Amino acid sequence: MAVRIARRLAGFLATLLAASFVIFAAVYAAPGDPAVFLAGGRDKLTPERLATVRAQYHLDEPLVVQYGRWLGDCLHFDLGRSFKYGDQVADLITARLGTTLELVAYATVLFVVLGVGAGILAAVRQSTWVDSAVVGGTTLAASVPSFVAAIALVSLFGVQLGWFPVTGSGRGFAGTLHHLTLPALSLALGALALISRVTRQAMAEAAASDHVEAARASGVPEREIVRRHVLRNALGPIITMCGLVMAGMLAGTVVVETAFGISGIGSLLVGAINTHDFPVAQAVLLLMVAGYIAVTTLVDLLHPLLDPRVKQEARTA
């Protein structure tokens, strides 16, 4: 286990290092010159002024040198200073990260409860109208982009019915739940469809195993068979997929936060890209990638504990 953790940790660091270079190079190659923005625009901008600004912010150095300087600062927990706000990037992210994590947590609860529940229902009622209804509904939900779902939810439940607010994140536990219900639902719809499909397939495969047939032939009640044998053996792929989907939701908040006017890191990233605020864009993208890699690595480490068959296969190999 210690060797497995060490290998996964080394892979995490190597992947994060490669991702950091790709992020920095992509932002570096983006259209627009940050020196022009830092100098106050093109009006009355002289070549001498532009050269001074580039030298002040080290923008005249080669890409590799700039990346090394930025990476060294990141290792010392210095993410730089925002071009637009003038504040430390770490402070901007810290002020908005809590709202984004609340949104992701709420959406995760929704897609896990509803998605797993729908998948179990479809698996137990296979080849019936219930199964067809779940499959059809999840197919429709998966085909709707998050921004379209956000607009539809705002129009119906926010504007016409007035049940939920359409902007902001609220205050206090009850206020936060009230404000984030529509954003979390629009973020969770696609994930809900995916998790229900995975749950249905995993339970169908587990139900076809020999020990389940033996338990059914022995007269074990069907409810006990589903709970102790089918669902238990299907938990491995279900929990793995839930972890992967939750890890990817951090990037999915960009569209939802923009649509609902939520001050999270997703909307911060959109504003940074629009204003060529490179330090903020690089830091937010790196945080999203690091969060995804960390969650997927954790899921990979926990998978043998959730499904002993994986551990046994690893020992045999």
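Residues numbered from 1 in each chain as written. Predicted model: local features only at pLDDT ≥ 70, side-chain atom pairs only at ≥ 80, totals over all residues. Heavy atoms only, no water.

Concerning the overall build of the chain
Thinking step 1. Summing up its helical and strand segments, the chain has 13 helices and zero strands in all.
Thinking step 2. Within the chain, the proportion of its 317 residues that are buried is 37%.
Thinking step 3. At a minimum sequence separation of 6, the contacts of the chain that also span at least 24 residues come to 70%.
Thinking step 4. Surface summary for the chain: the accessible area is close to 17,300 Å², and the carbon and sulfur share equals 65%. (Helix = DSSP H or I, 4+ residues; strand = E, 2+ residues; numbered from the N terminus. Buried < 20%, exposed > 50% of the residue type's maximum accessible area, 1.4 Å probe, protein only. Contact = heavy atoms within 4.5 Å. Areas by Shrake-Rupley, 256 points an atom, 1.4 Å probe, with all protein chains shown as cover.)

As for the nonpolar core
Thinking step 1. The biggest cluster of nonpolar side chains holds 49 residues, and the ones touching the most others in it are Ile93, Phe111, Met249, Phe260, Val280 and Val284.
Thinking step 2. Listed by contribution, the elements that provide at least two residues to this core are helix H5 (89-124), helix H7 (146-160), helix H8 (172-207), helix H9 (210-217), helix H10 (222-260), helix H11 (265-274) and helix H12 (278-306).
Thinking step 3. Per-element tally for this core: the top contributor is H10, with 12 residues.
Thinking step 4. Discounting chain neighbours no more than four positions away, the residues touching Met249 are Val104, Ala107, Thr108, Phe111, Leu187, Ala188 and Ala191.
Thinking step 5. Among the nonpolar cores identified, the runner-up in size contains nine residues, and Tyr67, Phe83, Phe278 and Leu286 belong to it. (Core = buried A, V, L, I, M, F, W, Y, C linked by side-chain atoms within 4.5 Å.)

A word on the UniProt feature "transmembrane region" (unreviewed entry) in the chain
Thinking step 1. Following the UniProt record, one finds the feature "transmembrane region" (unreviewed entry) at residues 103-124, 133-157, 177-195, 234-260 and 280-302.
Thinking step 2. Counted over residues 103-124, helix gives 100% and strand 0%. Its end C-alpha atoms are 31 Å apart.
Thinking step 3. Taken end to end, residues 280-302 comprises 100% helix and 0% strand; its first and last C-alpha atoms sit 33 Å apart. (UniProt positions renumbered as here; feature names shortened; annotations may be inferred.)

What to know about the packing of H5 against H10
How two helices pack is summed up by the angle between their axes together with the distance between the axes.
Thinking step 1. Where H5 contacts H10, the two axes come as close as 9 Å, and the packing angle between them is 145°. Two packed elements cross with a definite hand, and for H5 against H10 that hand is right-handed. Each of Thr100, Leu103, Val104, Ala107, Thr108, Phe111, Val112, Val116, Ile120 and Val124 in H5 lies in contact with H10, whose residues at this interface are Val226, Leu231, Ile238, Cys242, Val245, Met246, Met249, Leu250, Thr253, Val256 and Glu257.
Thinking step 2. Looking at side-chain class alone, the contact of H5 with H10 contains 17 nonpolar, three polar and one charged residues. (Axes fitted to C-alpha atoms, helices over the stretch in contact; angles between N-to-C directions. Left-handed = near helix turned anticlockwise from the far one by under 90°. Nonpolar A, V, L, I, M, F, W, Y, C, P; charged D, E, K, R; others polar.)

Quick word on the packing of aromatic side chains
Thinking step 1. Overall, the coordinates contain five aromatic pairs when judged by the stated rule.
Thinking step 2. A centroid spacing of 5.7 Å and a plane angle of 40° characterise the contact between Phe157 and Trp163, whose relative ring orientation is tilted.
Thinking step 3. An aromatic cluster of three or more residues is present, and its members are Phe21, Phe24, Tyr67 and Trp70. (Phe/Tyr/Trp six-rings, centres within 6.5 Å; stacked < 30°, edge-to-face > 60°.)

What to know about the packing of helix H6 (residues 129-143) against H8
Thinking step 1. Between H6 and H8, whose axes approach to 8 Å, the crossing angle comes to 140°. Two packed elements cross with a definite hand, and for H6 against H8 that hand is left-handed. Here Asp131, Val135, Thr138, Thr139, Ala141 and Ala142 of H6 come into contact with H8, specifically with Leu189, Gly190, Ala193, Ser196, Arg197 and Arg200.
Thinking step 2. Here the contact of H6 with H8 is built from residues that sort into five nonpolar, four polar and three charged.

Regarding helix H4 (residues 63-75)
Thinking step 1. Look at H4: 18 Å from first C-alpha to last across 13 residues, which is about the 18 Å you get at 1.5 Å a residue.
Thinking step 2. Those residues of H4 that sit buried are Gln66, Tyr67, Trp70 and Cys74. The buried residues of H4 occupy an angular sector of 100° when the element is viewed end-on, so they sit on one face. H4 presents Val64 and Leu75 as exposed residues on the side facing more than 90 degrees away from its buried surface.
Thinking step 3. Of the residues flanking the end of H4, it is Phe77, one or two places downstream, whose phi is positive at about 60°. (Expected span 1.5 Å × (residues − 1). Arc of directions from axis to C-beta.)

A closer look at the side chain of Glu257
Thinking step 1. Its location among the elements puts Glu257 in helix H10.
Thinking step 2. For Glu257, which is buried and forms no salt bridge, the nearest opposite charge comes from Arg96, at a distance of 6.4 Å.
Thinking step 3. Looking at Glu257, its side chain comes within polar contact range of the side chain of Thr100, at 2.7 Å.
Thinking step 4. Of note is the side chain of Glu257, whose polar atom sits 3.5 Å from the backbone nitrogen of Ile265. (Lys, Arg positive; Asp, Glu negative; His and termini not counted. Salt bridge = Lys/Arg side-chain N within 4 Å of Asp/Glu carboxyl O. Polar contact = N/O pair within 3.5 Å; in protein donor to acceptor, adjacent residues only side chain to side chain.)

Quick word on unusual backbone geometry
Thinking step 1. Residues other than glycine seldom take positive phi values, yet Phe77 does so here, at roughly 60°.
Thinking step 2. Within the secondary structure, Phe77 is located in the loop between H4 and H5.

Concerning the pattern of salt bridges
Thinking step 1. With the rule as written, the count across this model stands at one salt bridge.
Thinking step 2. With its nearest N and O atoms 2.8 Å apart, the salt bridge here joins Arg200 to Asp131. In this pair, Arg200 sits in helix H8 while Asp131 sits in helix H6, placing the two residues 69 residues apart along the sequence.
Thinking step 3. Arg200 sits in the partly exposed class, given a relative accessible area of 23%.

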